[in-house]
Amino acid sequence: MVSVAASPAVQPEPSTAPRRVTILGATGSIGTSTLSVIADRPEAFAVEAVTAFGNAERLARVAKEARARVAVIADRSAYDALASALAGSGIEAAAGAAAVEEAASRPVDVVVAGIVGSAGLAPTMAAIRAGSKVALANKECLVCAGDLFMGEARKGGVKILPLDSEHNAVFQALSGHSIDEVDRIILTGSGGPFRDWTKEAMAAANPDQALKHPTWSMGPKISIDSATLMNKGLEVIEAHHLFGVPEEQLDVVVHPQSIIHGMVAYKDGSVIAQMSAPDMRMPIAHCLSWPQRSPIGGPRLDLTRIGRFTFERPDLDRFPALRIARAALGAGSWATNILNAANEVAVAAYLAGNIGFLEIARLVEETIERAAAQGLSHAPGSIKDALALDREGRRIATSLLTRRETA
Ligand code: NAD
Ligand code: MG
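Quick caveat, the model's predicted, so the values are computed rather than measured.

### With respect to the nonpolar core
Of all hydrophobic cores here, the largest spans 134 residues; its most connected members are Leu339 and Phe357. No other element matches the 10 residues that helix H15 (residues 333–351) contributes to this core. In contact with Leu339, other than residues within four places in its own chain, are Val143, Met230, Leu234, Ile237, Ile324, Ala325, Ala328, Val364 and Ile368.

### Concerning the coordination of the magnesium ion (ligand 2)
On the protein side, the magnesium ion (ligand 2) has Asp164 (OD), Glu166 (OE) and Glu235 (OE) as donor atoms, found 2.0 to 2.3 Å from it. Site description for the magnesium ion (ligand 2): donor spacing in sequence, D-x1-E-x68-E. Here the residue Asp164 occupies a position in the loop between strand E7 (160–162) and helix H7 (165–174), and Glu235 occupies one in helix H11 (residues 230–243), the gap between them amounting to 71 residues. Take Asp164 and Glu235: they sit in the same class, and that class is buried.

### Side note on helix H10 (residues 220–228)
Within H10, 7 of the 9 residues are buried, which leaves the element mostly enclosed by the surrounding structure. Listed in full, the buried residues belonging to H10 are Lys221, Ser223, Ile224, Asp225, Ser226, Ala227 and Thr228. Packing partners of the buried residues in H10 comprise helix H6 (140–156), helix H9 (207–211), H11, helix H14 (320–331), H15 and helix H16 (359–373). Just downstream of H10 lies Leu229, where phi reads positive at about 70°.

### Some details on the pattern of salt bridges
Throughout the structure, instances matching the rule amount to 25 salt bridges. In this structure, Glu48 and Arg69 form a salt bridge, with 3.6 Å as the shortest nitrogen-oxygen distance. Within this pair, whereas Glu48 is found in strand E2 (residues 45–52), its partner Arg69 is found in the loop between helix H2 (56–66) and strand E3 (70–73), the two being separated by 21 residues in sequence. For Glu48, a relative accessible area of 5% gives the class buried.

### What to know about the sheet that holds E2
One open sheet accounts for 7 strands, arranged E4-E3-E2-E1-E5-E6-E7; its pairing is parallel. Each having just a single partner strand, strand E4 (92–95) and E7 make up the two edges of the open sheet. Strand-to-strand twist in this sheet, taken as the mean axis angle between neighbours without regard to direction, amounts to 20°. With 5 bridges joining them, strand E1 (residues 19–24) and E2 adopt parallel strand pairing. Its bridge partner being in E2, Arg19 is matched across the sheet by Phe45.

### Things to note about the site of ligand 1
Around ligand 1, a shell composed of 23 residues is seen, among which Thr27, Ser29, Ile30, Phe53 and Glu140 lie nearest. A distance of 3.3 Å separates an oxygen atom of ligand 1 from a polar atom in the backbone of Gly25. At 2.9 Å from an oxygen atom of ligand 1 is found a main-chain nitrogen or oxygen belonging to Gly219. In isolation ligand 1 offers 820 Å² of accessible surface; the protein chains occlude 87% of this area. Breaking the shell around ligand 1 down by element, the ones donating at least two residues are helix H1 (29–40) and H10. Here the shell around ligand 1 is composed, by residue class, of 13 nonpolar, 7 polar and 3 charged.

### Points about the sheet that holds strand E10 (residues 260–266)
What the 4 strands build is an open sheet, ordered E9-E8-E10-E11; its pairing is mixed. Of all strands in the sheet, those with a lone pairing partner are strand E9 (250–254) and strand E11 (271–275), marking the two edges. Averaged over neighbouring strand pairs, the angle between their axes works out to 20° when direction is ignored. Relative to E10, strand E8 (residues 182–189) runs antiparallel, the two sharing 5 bridges. Its bridge partner lying in E10, Val182 is registered against Tyr266. Across the sheet, H11 lies against E8 and E9, angled at about 145° from E8, the strand it touches most.

Calculation notes
- Residues numbered from 1 in each chain as written.
- Chains lettered and ligands numbered in written order.
- Predicted model: local features only at pLDDT ≥ 70, side-chain atom pairs only at ≥ 80, totals over all residues.
- Heavy atoms only, no water.
- Core = buried A, V, L, I, M, F, W, Y, C linked by side-chain atoms within 4.5 Å.
- Buried < 20%, exposed > 50% of the residue type's maximum accessible area, 1.4 Å probe, protein only.
- Helix = DSSP H or I, 4+ residues; strand = E, 2+ residues; numbered from the N terminus.
- Contact = heavy atoms within 4.5 Å.
- Donors = N, O, S within 2.8 Å, 3.2 Å for Na, K, Ca; no water.
- Salt bridge = Lys/Arg side-chain N within 4 Å of Asp/Glu carboxyl O.
- Pairing = 2+ DSSP bridges.
- Axes fitted to C-alpha atoms, helices over the stretch in contact; angles between N-to-C directions.
- Near = heavy atom within 4 Å.
- Polar contact = N/O pair within 3.5 Å; in protein donor to acceptor, adjacent residues only side chain to side chain.
- Areas by Shrake-Rupley, 256 points an atom, 1.4 Å probe, with all protein chains shown as cover.
- Nonpolar A, V, L, I, M, F, W, Y, C, P; charged D, E, K, R; others polar.

Everything listed is a geometric property; what it means functionally is a separate question.
Following this line, the structure appears as structure tokens:
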């Protein structure tokens, strides 16, 4: 298994040429934070491509601000709007899923994988195949097809830089050490907006309440995942693939202040923790400048103002999604793929007001059981297989949903 732990013993001389960066999902929360880091140091970066799903006006605006060479919209019907918004700017416009993959394949120093969900699988894989370093926010890639992604990265000698804050913290805490020296990896989580709610209150929680994250500002899907703790479950699976450690060595600790993002407990009893203000610009800046560290604006940590750190165990009775995700990791890559597909369907149904909050985890668990009963329990051998399994998972979850609605 590939380990992202080891840093080169001899660091290369810092290059003065701007780093070429492509941003997949440039209009989202990760995309916006990435563009803000780049805007702070325009001399250090040059943007090659920016992509988005359907908001042509916004994509054109960010492409112009970042002086990108090309802007790609996945939704073909938005092409005309994009082309006219970019007219006279000198920025190339393109549309469609194949064009997003083509943009991801342009050789650059770093591709920021900031698409949400399994929609990011093909473009992120295209970036790895092209040999660019990948700063990975789109954790669903590893949840759907982690062995394939890490295998491809290993084959091509491509570096995957963990951008998710917990994994970025662990990556930093592992620096200079081998994974064989590690006893446990500890991922922290804020506990989300319902950390101290009763199950009865959670059953009635509406999307506005679930979207109100106490410490981070993020896109809607990951915000709901944070409220169910499915996000921590996806992150355990992500950490397993990134760092090559088994599920039993991956702990989750609730830390409501969100200052310590991840820890590595070594076999000699020392624990190294990484801290920063809860601001995604920091792990993003770390990935964009790696292996150097560069100055960045934004909040600085003042521990005397925070005063107190607290830690607690996650409550798996109120937050079963974490237990379900761990079980899926134990069952194999078919199960984590179905878990992700069902979760995407369930989160969309919850946001649309079609199911209650506690039904998200139930639907995911039932979908995995149904998929096993239908003989879907073999590991996907290619991205095409992984996407086909994802479609099956969505089909099963959607049919279970429809049955509920008509019951
Ligand atoms: P978001 O919803 O704010 O943005 C998603 C982006 O992906 C948008 O630019 C959208 O246009 C694009 N997109 C959506 N569907 C697409 C499709 N079918 N084809 C092409 N592009 C598509 O999401 P986000 O919060 O920025 O999260 C992005 C990823 O990063 C997720 O996997 C999330 O789990 C991960 N992540 C986010 C944060 C955060 O702070 N937001 C932190 C850690 C990890
Ligand atoms: Mg995270």
